[in-house]
Amino acid sequence: MSPGEQRAGVELTNLDQHLTDDAGATKRDLVDYLDAVADRMLPVLAGRPLTALRALRGRAPFMQKNVPKYTPEWVRTVPIWAEASHREIHYALCDDRRTLLWLANQRAVEYHPALGLADDIYRPTHLILDLDPPSGDDFAAVVAVAHMVRQALQACGLAGAVKTSGSRGIHIFVPIDDTAPVDDVAAATRALAARTEALDRSVATTAFIVEDRAGKVFVDATRAGGATVAAAYSPRLRPGTPVSFPVAWSDLDRVHPSDFTVHTALDALTDPDPWTTEMPAPQRLPADLIHHGRTIPVARVAAMHEGKRRARARRERSEQSDTSERSEQSDTSERNA
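The numbering scheme is per chain: residues are counted from 1 as the chain's sequence reads. Reporting in this predicted model follows two pLDDT cut-offs: at least 70 for local features of residues, and 80 or more for side-chain atom pairs to be given and counted; totals over whole chains, interfaces and linings ignore these cut-offs and use all residues. To obtain the side-chain values, all non-hydrogen atoms of the structure were included, while hydrogens and water were left out.

For this particular structure, what's the right way to read the overall build of the chain?
Numbering of helices and strands runs from the N terminus, with a helix taken as a DSSP run of H or I at least four residues long and a strand as a DSSP run of E at least two residues long. In terms of regular secondary structure, the chain is built from nine helices and 13 strands. Per-residue burial over the chain gives 50% buried out of 337 residues. By definition, residues are in contact when any of their heavy atoms lie within 4.5 Å. Relative to all contacts within the chain whose residues are 6 or more apart in sequence, the contacts with residues 24 or more apart total 71%. Within the structure as shown, the chain displays about 16300 Å² of accessible surface, and the carbon and sulfur contribution to it stands at 50%. The buried label goes to any residue with under 20% of its type's maximum accessible area, the exposed label to any with over 50%, and the partly exposed label to all in between, with areas taken from a 1.4 Å probe on protein chains only. Accessible areas in this description were obtained via Shrake-Rupley with a 1.4 Å probe; residue shielding takes into account the shown protein chains only.

Quick question: what am I supposed to make of the sheet that holds strand S9 (residues 161–164) here?
Within a sheet, neighbouring strands are paired by backbone hydrogen bonds and run either parallel or antiparallel to one another. One open sheet accounts for six strands, arranged S11-S12-S8-S10-S9-S13; its pairing is mixed. Each edge of the open sheet is held by one strand with a lone partner, namely strand S11 (204–205) and strand S13 (246–247). At least two DSSP bridges between two strands are needed for those strands to be called paired. Sheet topology note: the strand S8 (residues 126–132)/strand S10 (residues 170–175) ladder contains six bridges and is antiparallel. Residue pairing across strands places Ile128 opposite Phe173, the latter belonging to S10. Helix axes use the C-alpha atoms of the stretch in contact, all axes being lines fitted to C-alpha atoms, and the angles between their N-to-C directions lie in the range 0 to 180 degrees. Where helix H4 (residues 139–155) meets the sheet, its contacts fall on S8, S10, S11 and strand S12 (217–220), and the angle it forms with S10 comes to roughly 15 degrees. Strands S8, S11 and S12 of the sheet are contacted by helix H5 (residues 182–199), whose axis makes an angle of about 40 degrees with S8.

Sorry, what's going on with the environment of Val203 here?
Assignment of secondary structure puts Val203 in the loop between H5 and S11. Overall, the relative accessible area of 28% leaves Val203 in the partly exposed class. C-alpha of Val203 to C-alpha of Val142: the two residues are 61 residues apart in sequence and 8.9 Å apart in space. Beyond its immediate stretch of four places on either side in the chain, Val203 contacts Val145, Met148, Lys216 and Val217.

What exactly am I supposed to notice about the pairing of S8 here?
Two faces, one strand: in a regular strand the side chains alternate between the faces of the sheet. Extensive coverage of S8 is indicated by the burial of six of its seven residues. Bridge count for S8 against S12 is three bridges, and the pairing is antiparallel. Within S12, the position partnered with Asp132 by the bridge is Phe218.

Help me understand the packing of aromatic side chains, please; the structure alone is not making it clear to me.
Pairs of aromatic rings are described using the distance from one ring centre to the other and the angle between the two planes. A pair of Phe, Tyr and Trp rings is counted when the ring centres sit within 6.5 Å of each other, with Trp represented by its six-membered ring. The angle between the planes then sorts it: under 30 degrees is stacked, over 60 is edge-to-face, the rest tilted. In total, this model carries five aromatic pairs according to the counting rule given. Considering the side-chain rings of Phe208 and Phe218, the 6.4 Å spacing of their centres and the 75 degrees angle between planes classify their relative orientation as edge-to-face. Remark: Phe218 occurs in strand S12 and Phe208 occurs in the loop between S11 and S12; sequence separation between them is 10 residues. With relative accessibility at 5%, the residue Phe218 sits in the buried group. Aromatic side chains Tyr233 and Phe245 sit 5.6 Å apart centroid to centroid with 85 degrees between the ring planes, which places their arrangement in the edge-to-face category. Separated by 12 residues along the polypeptide, Tyr233 in the loop between S12 and S13 and Phe245 in the loop between S12 and S13 bring together distant segments of the chain. Here the two residues Tyr233 and Phe245 agree in accessibility, since each one is buried. Following the ring pairs from residue to residue traces out a cluster consisting of Tyr233, Phe245 and Phe260. Remark: a charge is flagged as sitting over a ring if the NZ atom of Lys or the CZ atom of Arg is within 6 Å of the ring centre and within 35 degrees of the ring normal. In this structure, Arg59 packs its charged tip against the face of Phe62, placed 4.4 Å from the ring centre.

Would you mind going over the nonpolar core with me for this structure?
Grouped burial of nonpolar side chains is what soluble globular proteins tend to show. Put simply, a nonpolar core is a bunch of buried Ala, Val, Leu, Ile, Met, Phe, Trp, Tyr and Cys residues held in one set by side-chain atoms that sit within 4.5 Å of each other. Core analysis: the largest hydrophobic core is formed by 86 residues, its most contacted members being Tyr111, Leu127, Leu131, Ile170, Ile172, Leu252 and Leu285. If one sorts the elements of this core by residue count, H4 sits on top with 10 residues. For this core, the two domains that each supply at least three residues are domain 1 (5–113) and domain 2 (126–256 + 268–295). Setting aside its immediate chain neighbours within four residues, Ile170 contacts Leu129, Asp130, Leu131, Phe139, Val142, Val143, Ala146, Val162, Lys163, Ser165 and Leu252. Segment limits for the domains were obtained from an automatic or database-derived domain assignment.

What should I look at first to understand the packing of helix H1 (residues 27–36) against helix H3 (residues 97–105) in this one?
Direction vectors running N to C along H1 and H3 enclose 165 degrees, while the axes themselves pass 9 Å from each other. Viewed along their axes, H1 and H3 adopt a mutual orientation that is roughly antiparallel. Handedness of the H1/H3 crossing: right-handed. Of H3, the residues touching H1 (which contributes Lys27, Leu30, Val31, Leu34 and Asp35) are Arg97, Leu100, Leu101, Ala104 and Asn105. Three residue categories are used. Nonpolar comprises Ala, Val, Leu, Ile, Met, Phe, Trp, Tyr, Cys and Pro, charged comprises Asp, Glu, Lys and Arg, and polar comprises the others, including Gly. In terms of residue class, the contact of H1 with H3 is built from six nonpolar, one polar and three charged. In this scheme, roughly parallel covers angles under 35 degrees and roughly antiparallel covers those over 145, while 65 to 115 is roughly perpendicular and the rest are oblique. Crossing handedness: left-handed means the near helix sits turned counterclockwise from the far one by under a right angle, and right-handed means the same turn made clockwise.

Any chance you could explain the pairing of strand S6 (residues 87–93) here in plain terms?
Where strand S3 (residues 49–54) lies against S6, two bridges are found, and the strand directions are antiparallel. Looking at the pairing, Leu50 lines up with Ala92 of S6. Linking strand S5 (residues 77–82) to S6, which pair antiparallel, is a turn of four residues; within it His86 sits at a positive phi near 55 degrees.

Okay, here's the thing in structure tokens:
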């Protein structure tokens with residue numbers, strides 16, 4: 001195929017250039033992979049404001065929310081006000097193969113859709129728990145905690161689907177109906193994380209501060225509100241270009257994130273799609289779960305206050321040490337007078 005080939009009316013260029021020095025994949029590999037999984041990936045992206053991680057030649061990778069000025073008119077976008085930056089952001093909506101191929105040609109490697117649809121970005125359609133391994137590559141521990149999450153879900157009448165994160169962890173998606181506002185979804189997420197941790201505190205933790213995790217799997221309950229998460233089947237900009245890959249719960253103990261890359265994932269595809277067959281219908285969040293979550297501090301806020309407390313304690317210890325040192329110096333001076 002020539003470097004100037006076209007697909008779905010999209011001009012594809014520089015296909016034989018490597019994505020990064022350690023990606024182990026070219027732009028052609030990226031385009032071919034995304035084109036092959038488009039029928040599975042597009043339903044995950046459709047209608048959701050998209051943030052993409054791009055890897056341009058000669059530049060550090062960057063997350064892009066606002067579409068570039070040269071974006072074709074046929075790429076659907078949605079304007080959303082960003083309170084943090086006090087401006088309107090025009091997000092891409094990747095609803096069709098043509099748009100997906102155009103993004104791939106722009107060297108968009110990772111695809112992070114919003115948890116809510118474009119008409120209400122802050123109304124999550126899924127509750128999500130993100131499991132991160134302790135330092136090292138202990139994926140077996142992550143799998144064990146994923147089964148604990150499933151146990152916690154079942155205990156309150158809920159169910160979810162699971163996928164590798166494309167990095168070292170696991171994402172668990174729980175589809176929910178539209179009866180719970182975002183604050184209730186966030187509360188329920190915190191409660192599920194806490195209930196998972198309580199099942200076995202020797203392997204799972206909800207500690208937001210890394211130094212407090214003590215080699216345990218982190219059950220991250222912060223994916224709510226305006227957050228994003230790597231889409232099912234999305235490549236990740238990591239050595240070897242792995243992909244976030246859906247698996248059946250029954251297969252989770254037999255897989256490893258390294259099994260799925262842009263080169264190998266196509267051979268692992270099964271029919272029907274596990275992300276479709278394993279995903280339950282939208283569920284109502286139990287009132288007691290939401291109530292439980294409301295009693296749990298928001299992790300980032302709690303971590304911020306704890307960080308300030310620890311910094312204050314360090315300053316006080318330092319001041320006490322300085323005072324003690326000055327006192328000793330004074331005593332020495334008096335003795336030597």
